[in-house]
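# Working through the structure, step by step
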Amino acid sequence: MRFLFKTDYEDDIKLFPHSGYIISYGLLLALLLIAPYVLSSYLMSQLVFVCIYATVGVALLILTGFTGQASLGHAAFLAIGAYTAAYLQKYNVPFPVYFLAAGASTGIIGAMVGFPALRLTGIYLVIATISFALIVEEILARWESVTNGNEGMRVKTLSLLGVTVPRDSPTFYYLCLAVLVLTIVGTLNLLRSPTGRAFVAIRDSETAARSMGVNVALYKVKSFAISATITGFAGVLFAHKLSFISPEMFTLQLSIEFIIVILIGGTFSLHGAVLGAIFIVMIDPFLTYLKDDMPGIIAGIAATFGASPATAGNIQSNAAAFASLNGLKGAIYGIIIVLFVLFEPLGLYGRWLKIKLFFQLFPLYKRATFKRQKIYVKSERNR
């Protein structure tokens, strides 16, 4: 077990608390760099979506996890970034320019959304962000001269420095990985800065933050703008990966998926954004397996236990019908949210911390280690 003794402020804000972090992250990065040469094209495609979803998850963590401002409108920010890239591509604007333009335009709109939301908290802020998402979706469908409406827009293959980068190439994967790594490192540095500490102070108690001289309104708008900017960058990569975008791709369900990313991974951890992204990306392959393979397996088990061929066929058809239900994916999301909120509010990364601490302190580990003190909960009524 490693003991860290912090003797000054610099020790407290180190990017890597000790050398073990550098070694472990270095090994992880090395594995990710060699992934295109050892994994199939399908798994690489899934890894690209993990990078994009994790980037949006980090952006949402800045707003929700570290500033305490709920949002169900990040699918709209993703759409603005994607459509900005697709529109500027028509005029042969180079990738670096429209990539930055997508982030800047999305950040400006995010700040504009942040201003009306200053007087809203909790469920009312959630309703406001849902309204914003619905407005953006309707604009994308109606503004046909720019977005082509419901017909959607074709996104050209990415061209970087005169070199064509196909969406399934290792270069595109490395680009998505680089954006994710830079986003995580930038967010870590942001949290170590006065701005990041102001975000956390607002999350913990707006009253206490004001008493310390924090301009709550200004920092809330900053949080919205930064979160939207990062999501806009992810939207550009999302558009290039799909090569076609339409308003139906950026619905409320996509915003809920982003919320699930941070709920499952961990609301207060950047590691959790990556873990939650992996979990969400694997939902669709699981549903495909449930639809294509599981009915046959269930029918085979029934036949093994003596069911007649007709009965086994009925079981298989019923299982296939159940796996093909339209609302099954939403039901699975709802069950996942309820289970994590009830049994593991800290998410997958919180569970990993508990397991690691258990083995570090064994046999002296206490079950109440991660429980919040009741006296602190009572003080929250003064927020």
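For the structure itself, look to the data block above.
Residues numbered from 1 in each chain as written. Predicted model: local features only at pLDDT ≥ 70, side-chain atom pairs only at ≥ 80, totals over all residues. Heavy atoms only, no water.

Before going further, it helps to examine the nonpolar core. Within the largest apolar cluster, 79 residues are counted, with the highest numbers of intra-cluster contacts made by Y53, L78, I245 and F250. Ranked by residue count, the leading element in this core is helix α3 (residues 41–65), at 13 residues. The two domains that each donate at least three residues to this core are domain 1 (20–279) and domain 2 (285–382). In this structure L78 touches V56, T231, A234, G235, F238, F250, L254 and F258, once residues within four positions along its chain are discounted. In terms of nonpolar packing, the next biggest core, distinct from the first, is built from 12 residues, F199, V214, V216 and I230 among them. (Core = buried A, V, L, I, M, F, W, Y, C linked by side-chain atoms within 4.5 Å. Buried < 20%, exposed > 50% of the residue type's maximum accessible area, 1.4 Å probe, protein only. Helix = DSSP H or I, 4+ residues; strand = E, 2+ residues; numbered from the N terminus. Domains from an automatic or database assignment. Contact = heavy atoms within 4.5 Å.)

In total, this model carries 10 aromatic pairs according to the counting rule given. For the pair F95 and Y98, a centre-to-centre distance of 5.5 Å together with 90° between the ring planes defines the contact as edge-to-face. With F95 and Y98 both in helix α5 (residues 95–114) and three residues apart, this pair spans about one turn of that helix. This pair shows no difference in class: F95 is buried, exactly as Y98 is. Ring geometry for Y173 versus Y174: centroids 5.5 Å apart, planes at 50°, classification tilted. The exposure class of Y173 is buried, given its relative accessible area of 2%. Overall, the relative accessible area of 25% leaves Y174 in the partly exposed class. Feature note: the residues F95, Y98, F99 and F233 constitute an aromatic cluster, connected by ring pairs. (Phe/Tyr/Trp six-rings, centres within 6.5 Å; stacked < 30°, edge-to-face > 60°.)

This part is about unusual backbone geometry. You will see that N148, though not glycine, has its phi angle at about 65°, which is positive. Mapped onto the elements, N148 comes out in the loop between α7 (144–147) and β1 (153–154). We note that S243 has phi near 65°; this positive angle belongs to a residue other than glycine. Within the fold, S243 resides in the loop between α11 (216–242) and β4 (244–245). The class for S243 is buried, based on a relative accessible area of 18%.

Remember, this is a structural readout, not a statement about activity or role.
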